[in-house]
Amino acid sequence: MPGFVVSQTNPQAFPTIADAANASGPPGERLRHIAVEPGVYRSDALRYWGTAVITAVGGPGTVTLDCAGSYTLRVEGHVTLRGLTLRNGNAEGVPLEAVGGTLIVEQCEVVSKSSRAISVWDRAELFVRDSRVHGGGIVYSDSAGLVEHTEVFNADLCGMAIRNGSRVTVRDCCVQRAGEHGIWVAEGSTPLIERCEIEDSKAASILAQGRAKATIRDSRLRASGQSSLVVRDNASATAEDCLVTGSGADGVWVTANATLTARSVHVEDGRRNGVVVDELSTAAFEDCDITQAAICGLAVSGAGTARFTGGTITRSQIGASAANEGVLTLDGAKVSHHKNIGVAVDPGARAVLRDCTITGNAGQGIVTTAGSQVRMERVSSEANGADDIIGVEIGATVDSTEATPVTPVAPTEPVAKSGAANPDTPGAAPEPNVDELLAELSAMVGLAGVKREIGKLVGLLRIAEQRRQAGLPHGPSVGRHMVFAGAPGTGKTTVARLYGRLLAALGVVPTGQFTEVSRKELVGQVLGETTQKTAAVFTKALGGVLFIDEAYTLSRRFGTGTDFGQEAIDTLVKLMEDHRDEIVVIVAGYSAEMRTFLTANPGLKSRISRTIEFENYSPAELTSITETLAAQYGFRFSEQAQASLLAHFQQARRDETFGNGREARRIFEAVVEQQALRLSGQDGPATTEELTLLLPEDLDGVVDTGLSTRLGEVRDAGQLQAILDRLNEMIGLEAVKSQVRDTIDLIAATRRRRQEGLDAAPISSHLIFAGPPGTGKTTVARLYGELLAALGVLARGHFIEASRADLVGQYLGQTTQKTTAKFDEARGGVLFIDEVYTLSRQFGANADFGQEAIDTLVKLMEDHRDEVVVIVAGYTDEMDGFLAANPGLASRFSRTIAFTPYGPDELVDIFVGIAKSSGFDVPDSTRAAIRDHVAGRAERFDQGNGREIRKLFEAAQTAHARRIAQLERGGSQATRDQLRTLLPTDVEETR
């Protein structure tokens, strides 16, 4: 019989998959093949740790696994399912789960009565192909994988939920009739959604929020109950070659500081608006079409910014509108055949219309009102109702260049007409001159060295132009291409935009337009594609500035296969030579990486000869930037809040990953949220003073993440007690429990002393867990983090486990990066380093970087002592050698907690606890057999402790399954008690 056969009719086969999964295999077995014959198999929940392929031998639809437990199958190993149907009749159950392992689902059907049909978390990987999922959705959390050629329909909540930093590709799938969103992306996840059909969702077809980064290609979003594509809450999305149709509200909604880039997207039949961009969000549309919206095709408001390049906006009430500080740019667009107005610009809004055609609208072509600002270049407004009027009320600002002749609505004040702009027109807004632009640069916070270099370059260019006008030789050419080197958030992009405008004002480049790209816009996946993409981007940028952010990534190799970054560099060098007077190229990135980048092609240094260093902002400058942001929106910080803000920036770690201006914006946005939360909880409406003033408590949890230096209040006394109960329920560990309780008492006493105004030294909560494996160190470390979070000491209390492999690299410098990355991942929680003594051991004859990890860890623990709890674990004797590896180690850890080996009776109790949680009874005779087994192998159980007792249980469970199978093969039917009871023989067979 090949592999393990499961059958309801073959007496020589296993009766259930659980039996086949738990049966003993041949020595050295690495992969178990389980062949399931046709039938409906009703059983208890199956949990599997091994590596297996489970196949329906009769093909898809012939085998059904049915369960009413909390799950039907939980995979914690590596499992492939082929052709199975998995059902779960529990309203809170999940048919299929993966925890930390790998699950491949092929040609399967998954049916759920709960909101989840397939759920994966804890860095698991899930691959679903050619399958059907209904009743519940597919949920990824802190996981990765692929869903391909799969139907997901009638999900109770979301068809797919991609959360908590998950990395997922969804390709060639159909998601229908979701109870809420078709696909929900959140919490920093980065999915690729490609060639998908998402239909009839009750809420959004796709919702991206919470700093997610979604890419959507060649997909169809149809008939959503609310807005179809929603990007919000600091998320970003890129949509290409997509159709959005039949939306219940807006076709596309970009809101709450989100970003959308759309290319060749068609939006039609929105029951409200085609596209809405509001609440400080930004959207760019290239060659898109918006048609047949009930109200407005493209609406920009709430300080949102939208740029619509190429494409058409047709057949709505209003074509495009800007209101409430919105900024609208129409570039090369056609706005036509609307039932009312083509383009409307309300008070406080701004619009730029360039190379546009406004035609065939029933009302006016373009309507502006008092307090709006509109700039037009080469705009054709014709064949509209009301005599093709640009309706301009008194107070509107219109700068019209080469436009079709128009007639103002209120001719009491002169308005710019077609032809060249009239410099005498009241309220006109001409492009700033060189001195005004230099003043704008000077007004930026900090950047003294940058301002000096830009000023020097502008002076050289001015003198060169004067020499040209005087008929003198031009002199040596001024290098216009530049490297902007520095950390993120130091103003490189902002200065690059301003530099382009300066060059245009100086006549060095024709337009000064700004084109920003990164590696993905330049590099293709096949030979020759990179040259085409790079040339297309370069051509588009001609006449202005091409800004390449993180340019050093072009000279890095990714993976082991062919990488085409070098092809992009070589293409750029040639294009810069062929068009050296038509464009300015600025490459940006970290200083060290950019020096390496310039060596990637011999011609780069000669073409980009000037480097401007953007230094980190000082704490005072960052405080000023944050205050400036606040002032722009009508807020101000109190003096105490200013002091707290400055103290935060003074203490912040200023490495190359520090966000600078981005960090200032992040803090401001978070502080405003905190203020809103505070004010919403008070009685009665807030006063104007309260609405504008930001107080120290609004910074709480924003600039003081991680361990609170002032010990916040207990967040939830009930939660705290529940965690303590879980600790107390653990077998043994009395000394450990006592020390943890002592720590809690110390925190409480310190809090009380500070409440009474007494001095209280900061508490160090870093710990050493010393003892052999299997004594509960990892479990206690998890609970410790949860306890500190419940006490208000840790921000999150999450648990990050690391070993030597996670911290130590293979070449100089990599270890520091890996250790820092793992430490940052743990900020606000617990970093648990098991077998930490391996860092102080020398491996092999060559250089070992374990010491580099220790030294980095010591510095990070000092720099962030109020943000992370570090717990190191290992054998007692080995830990002394580890502490001697760096003079600062011993002082960083407040105490050592000793985990002693479990005694025989405690190990028996652990066995019984595991058995009960798995649905088994352990009679006294079996307990005696377990104790005899442990006593006869005292040395092994002293070293392995809880791990060995778990292995003993798994072996006894397998022996029990074998005994039941033999019983039923002999013609007897096992009773319920026999199925639940472990006998002494099940333990004895494991010897």
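On a predicted model such as this, the values are computed, not experimentally measured, just so you know.

### Overview of the sheet that holds strand β60 (residues 830–833)
Here's step 1: Strands sit in the order β59-β60-β61-β58-β62 across an open sheet of 5 strands; the sheet is parallel. One side of each edge strand has no neighbouring strand; the edge strands of this open sheet are β59 (799–802) and β62 (895–898). Recorded for the sheet is a direction-independent mean angle of 20° between the axes of neighbouring strands.
Here's step 2: Relative to β62, strand β58 (residues 767–770) is paired through 4 bridges, and the arrangement is parallel. Bridge assignment links Phe769 to a residue of β62, and that residue is Ile897.
Here's step 3: The strands that helix α19 (residues 814–825) touches are β59, β60 and β61 (869–874); relative to β59, the one it contacts most, it runs at about 155°.
Here's step 4: Each of β58 and β61 is contacted by helix α21 (residues 876–883), which is oriented at about 130° to β61, the strand it contacts most.

### Things to note about helix α7 (residues 529–541)
Here's step 1: Here α7 is 13 residues long and its end C-alpha atoms lie 19 Å apart, about the 18 Å a rise of 1.5 Å per residue gives.
Here's step 2: Thr530, Thr534, Val537, Phe538 and Ala541 are the residues of α7 that are buried. Buried positions in α7, seen along its axis, are confined to an arc of 100° and lie on one side of it. Opposite the buried face of α7, by more than 90 degrees, sit the exposed residues Gln532 and Thr539.
Here's step 3: Looking at the buried residues of α7, the elements they touch are β52 (514–517), α6 (519–522), β53 (545–548), α8 (565–578) and β54 (584–589).

### What about the pairing of strand β2 (residues 32–36)?
Two faces make up the sheet, and in a regular strand the side chains alternate between them.
Here's step 1: Side chains Arg32, Ile34 and Val36 of β2 all project onto a buried face; the interleaved residues His33 and Ala35 project onto a face where none is buried.
Here's step 2: Here 3 bridges tie strand β1 (residues 4–6) to β2, and the two strands are oriented parallel to one another. The partner of Val5 across the bridge, within β2, is Ala35.
Here's step 3: Here 5 bridges tie β2 to strand β5 (residues 51–56), and the two strands are oriented parallel to one another. Bridge assignment links Val36 to a residue of β5, and that residue is Ala56.

### Comments concerning the nonpolar core
Soluble globular proteins tend to pack their nonpolar side chains together in the buried interior.
Here's step 1: With 99 residues, the main nonpolar core has Leu81, Leu260, Phe285, Leu298, Leu330 and Leu353 as its most contacted residues.
Here's step 2: Leu81 has contacts with Ile54, Leu73, Leu86, Leu96, Leu103, Ile104, Val105, Glu106 and Cys108, leaving out every residue within four places of it along the chain.
Here's step 3: Ranked by size, the runner-up nonpolar core spans 51 residues in total, among them Leu724, Ala789, Ile897 and Val987.

### Side note on the confidence of the model for the protein
Here's step 1: Looking at the protein as a whole, the pLDDT averages 81, with 86% of positions reaching at least 70.
Here's step 2: For the stretch residues 391–396, pLDDT sits under 50, and the model shows 25 contacts to residues farther than four places along the chain or on other chains.
Here's step 3: Counting contacts from residues 401–430, a segment whose pLDDT is below 50, to residues more than four positions away or on other chains yields 53 contacts.

### A few points about the environment of Ile206
Here's step 1: Take Ile206: it is sitting in strand β25 (residues 206–208).
Here's step 2: As a C-alpha pair, Ile206 and Ser227 span 21 residues in sequence and 8.9 Å in three-dimensional space.
Here's step 3: Sequence-distant contacts of Ile206, defined by excluding residues within four places in its chain, comprise Ile183, Ile193, Ile198, Ile216, Leu221, Ser228, Leu229 and Val230.

### Quick look at the side chain of Asp698
Here's step 1: Inspection of the secondary structure puts Asp698 in the loop between β57 (693–694) and α15 (717–729).
Here's step 2: For Asp698, a relative accessible area of 0% gives the class buried.
Here's step 3: A polar contact of 2.8 Å, which involves the side chain of Asp698, links it to the side chain of Arg678.
Here's step 4: Every residue in contact with Asp698, bar those within four places of it in the chain, is listed here: Val671, Gln674, Gln675, Arg678 and Leu693.

### Structural notes on the pairing of β61
Here's step 1: Counted residue by residue, β61 has 6 buried out of 6 residues, so it is predominantly covered.
Here's step 2: The alternating pattern of β61 places Val869, Ile871 and Ala873 on one face and Val870, Val872 and Gly874 on the opposite face, and all of these are buried.
Here's step 3: In this structure, β58 lies alongside β61, joined through 4 bridges in parallel fashion. Residue pairing across strands places Phe769 opposite Ala873, the latter belonging to β61.
Here's step 4: Here β60 runs beside β61; their pairing, made up of 4 bridges, is parallel. Across the sheet, Val830 pairs through a bridge with Val869, a residue of β61.

### Regarding the packing of helix α3 (residues 434–442) against helix α5 (residues 492–505)
To characterise two packed helices, one gives the angle between the axes of the helices and the distance between these axes.
Here's step 1: Taken N-terminus to C-terminus, the directions of α3 and α5 make an angle of 165°; their axes are 9 Å apart at the nearest point. Judged by the inter-axis angle, α3 sits roughly antiparallel to α5. Crossing handedness for the pair α3 and α5: left-handed. Contacts from Val434, Leu437, Leu438, Glu440 and Leu441 in α3 reach Val495, Leu498, Arg501, Leu502 and Ala505 in α5.
Here's step 2: When grouped by side-chain class, the residues that make up the contact of α3 with α5 number 8 nonpolar, no polar and 2 charged.

### What to know about the pattern of salt bridges
Here's step 1: Per the stated rule, a full pass over the model turns up 38 salt bridges.
Here's step 2: Glu194 is paired through a salt bridge with Arg217; the nearest N and O atoms lie 3.8 Å apart. Residue Glu194 is found in strand β23 (residues 192–194), and its partner Arg217 is found in strand β26 (residues 213–217); the two are separated by 23 residues along the sequence.
Here's step 3: Under the relative-accessibility criterion, Glu194 is labelled buried at 12%.
Here's step 4: Judged by its relative accessible area of 33%, Arg217 is partly exposed.
Here's step 5: Two residues, Asp909 and Arg927, come together in a salt bridge whose shortest N-O distance is 2.9 Å.

### What to know about the sheet that holds β53
Here's step 1: Taking strand neighbours across the sheet as the criterion, the 5 strands line up as β52-β53-β54-β51-β55 in an open arrangement whose pairing is parallel. The open sheet has two free edges, formed respectively by β52 and β55 (610–614), since each of these has just one partner strand. The mean inter-strand angle of the sheet, taken between neighbouring strand axes irrespective of direction, is 20°.
Here's step 2: Here strand β51 (residues 482–486) pairs with β55 via 5 bridges, running parallel. Bridging across to β55, Met482 finds its partner in Arg610.
Here's step 3: Sitting on the sheet, α7 touches β52, β53 and β54, and the angle it makes with β53 is about 135°.

### Considerations on the packing of helix α23 (residues 904–917) against helix α24 (residues 924–935)
Here's step 1: For the pair α23 and α24, interaxial distance at closest approach is 9 Å and the crossing angle is 130°. Overall, the two elements α23 and α24 adopt an arrangement that is oblique. In this structure, α23 crosses over α24, and the sense of that crossing is right-handed. Within the contact between the two elements, α23 uses Pro904, Asp905, Leu907, Val908, Asp909, Phe911 and Val912 and α24 uses Arg927, Ile930, Arg931 and Val934.
Here's step 2: Its residues assigned to classes, the contact of α23 with α24 comprises 7 nonpolar, no polar and 4 charged.

### What about the environment of Met160?
Here's step 1: Mapped onto the fold, Met160 is located in strand β19 (residues 160–163).
Here's step 2: Looking at Met160, the relative accessible area reads 1%, which means it is buried.
Here's step 3: Each C-alpha atom, one on Met160 and one on Gly182, is 6.4 Å from the other, the two residues being 22 residues apart in sequence.
Here's step 4: Excluding its chain neighbours within four sequence positions, the residues that come into contact with Met160 are Ile138, Val147, Val152, Val170, Cys173, Val175, Gly182, Ile183 and Trp184.

So, how was this worked out
Residues numbered from 1 in each chain as written. Predicted model: local features only at pLDDT ≥ 70, side-chain atom pairs only at ≥ 80, totals over all residues. Heavy atoms only, no water. Pairing = 2+ DSSP bridges. Helix = DSSP H or I, 4+ residues; strand = E, 2+ residues; numbered from the N terminus. Axes fitted to C-alpha atoms, helices over the stretch in contact; angles between N-to-C directions. Contact = heavy atoms within 4.5 Å. Expected span 1.5 Å × (residues − 1). Buried < 20%, exposed > 50% of the residue type's maximum accessible area, 1.4 Å probe, protein only. Arc of directions from axis to C-beta. Core = buried A, V, L, I, M, F, W, Y, C linked by side-chain atoms within 4.5 Å. pLDDT = per-residue confidence, 0-100. Polar contact = N/O pair within 3.5 Å; in protein donor to acceptor, adjacent residues only side chain to side chain. Parallel < 35°, antiparallel > 145°, perpendicular 65-115°, else oblique. Left-handed = near helix turned anticlockwise from the far one by under 90°. Nonpolar A, V, L, I, M, F, W, Y, C, P; charged D, E, K, R; others polar. Salt bridge = Lys/Arg side-chain N within 4 Å of Asp/Glu carboxyl O.

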